[in-house]
Amino acid sequence: MNSPFSLAKAYEKYFRIGAAVSHLNIDSYRDLLAQHFSSITPENELKYSSTEPEEGVFTFDDADKIFDTARSLGIKVRAHAPVWHNQTGEWMYLNGDKPAPPELIYERIDAHSRALCERYNEDVYAWDVVNEAARDDLSSEEEASASDVYRGSKYFRMTGTGFIEAAFRSMDKYSPNAQLFYNDYSECEPGKRERIVKLLKNLQQKGCRVDGFGMQQHYFFEPDYDELKRSIETYAGLGLRLHITELDISLMATINPGTKRLKPDDPGFEEYIKESLHPTPAKLAKISDIYVKLFDVYRSYSDVIDCVTTWGVADDYTWLDHFGGAPGMPHVKQYPLMFNADHTPKPCIEENIALAQRG
Ligand code: GLA
């Protein structure tokens, strides 16, 4: 019997296949979504700046557009990242012209969670309740945070870990049937991993329902597959389900010999720009190969991984086209996804389907 050529169908027995979309591009991806995907994540449409730009003023048009389309395709939504230190209006932190006391911040998070859940619960199977609250190694903000675990965001400076707990408690109350996730990046880097584990354990000890951890998986260097396996085992060892939430592979991953993202002042950055302006077929093929190797690992942990989502659908639209450049440096077009800009599949699609069907 011939199986349909569909990544999502081939992976039904392993995990869902998801993609992040925006209200502006979802129509253009309708056919690809219908054929290859079984989960949809709104890229920005559920963040505070989109849904509550001013306190009590709810704007759902953009999110509605995504939910309507997802519903018409019969695809459930992985809802993403209301409580985050970015894309949140200043009103969250103010009480008139004074700083808001923690209780007011918790009340605001509660009212917001309620509004989102009342509108979208039926179509949401998982929430990224809190995004990126663990600190990185270095940044002036982090150095000032006086915490060796948490990012020194406004939320953290004003409430300690209270905002994280409040967010999970509210979501649990209003969305009892969806899985609740904490989501973060650089999650395979050993130092960051240790901080994320502490954050998750603290949350569990506080009695909050946290069902899973979202591993973002943005790659700016070639994956270290052993470190990836170690990370999956560590997070799953906390009794959590895992979702790969924001997978994509920058051209940097085909050039960068290190294990950290190259920044504009780092040695090698100019070389990276030069090589990326005219990526060779070998470099582009490497991105597709990395997808095959990553899926190999994900498949082997399908007992704990429930969803693999790419941060975008096809190379014609990717946030990476606007990220990480430097003033005066030329713009680098990126090719980080599993489908080409013309929506044709890269070789990894056929290979990953074949490997899933064989396994
Ligand atoms: C982070 C966030 C996402 C998105 C990306 C960049 O990873 O979690 O919501 O904003 O950055 O597009």
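Refer to the structure above for everything that follows.
Everything quoted here is computed from the prediction, not taken from an experiment.

Calculation criteria
- Residues numbered from 1 in each chain as written.
- Predicted model: local features only at pLDDT ≥ 70, side-chain atom pairs only at ≥ 80, totals over all residues.
- Heavy atoms only, no water.
- Helix = DSSP H or I, 4+ residues; strand = E, 2+ residues; numbered from the N terminus.
- Rg over C-alpha atoms; globule rule 2.2 N^0.38 Å.
- Buried < 20%, exposed > 50% of the residue type's maximum accessible area, 1.4 Å probe, protein only.
- Contact = heavy atoms within 4.5 Å.
- Areas by Shrake-Rupley, 256 points an atom, 1.4 Å probe, with all protein chains shown as cover.
- Lys, Arg positive; Asp, Glu negative; His and termini not counted.
- Charge placed at Lys NZ, Arg CZ, Asp CG, Glu CD.
- Near = heavy atom within 4 Å.
- Polar contact = N/O pair within 3.5 Å; in protein donor to acceptor, adjacent residues only side chain to side chain.
- Nonpolar A, V, L, I, M, F, W, Y, C, P; charged D, E, K, R; others polar.
- Axes fitted to C-alpha atoms, helices over the stretch in contact; angles between N-to-C directions.
- Parallel < 35°, antiparallel > 145°, perpendicular 65-115°, else oblique.

## Comments concerning the overall build of the protein
Looking only at helices and strands, one finds 13 helices and 11 strands in the protein. Scaling as 2.2 N^0.38, a compact globule of 359 residues should have a C-alpha radius of gyration of about 21 Å, and the protein matches this with 20 Å. Expressed as lengths along the three principal axes of its C-alpha atoms, the size of the protein is roughly 55 × 50 × 40 Å. Counting the 359 residues in the protein, one finds 55% classified as buried. Here the analysis covers contacts within the protein between residues at least 6 apart in sequence; of these, 76% occur between residues at least 24 apart. Here the protein displays about 15,300 Å² of accessible surface, and carbon together with sulfur accounts for 50% of that area. Positive and negative side-chain charges in the protein, numbering 40 and 57 respectively, have mean positions lying 3 Å apart.

## Topic: the site of the ligand
What surrounds the ligand is the set E43, K47, H80, W84, N131, E132, Q216, H218, E246, W311 and W319. H218 places a side-chain nitrogen or oxygen 3.4 Å from an oxygen atom of the ligand. Considering the ligand on its own, with 300 Å² of exposed area, one finds that the protein chains cover 89% of that surface. Taken together, the residues that form the shell around the ligand break down as three nonpolar, four polar and four charged.

## Section: the packing of helix α9 (residues 190-205) against helix α10 (residues 225-236)
Following both chains from N to C, one finds α9 and α10 inclined at 10°, their axes separated by 11 Å at the closest point. Accordingly, the angle class assigned to the pair α9 and α10 is roughly parallel. Facing α9, whose interface residues are P190, R193, I196, V197 and L200, α10 presents E227, R230, S231, T234 and Y235. Among the residues forming the contact of α9 with α10, the class breakdown is five nonpolar, two polar and three charged.

## A look at the side chain of R193
Within the secondary structure layout, R193 lies in helix α9. Its relative accessible area of 10% is what places R193 among the buried residues. Looking at R193, its side chain comes within polar contact range of the side chain of S231, at 2.8 Å. Among all residues touching R193, those that are not within four sequence positions of it are E187, C188, E227, R230, S231, T234 and Y235.

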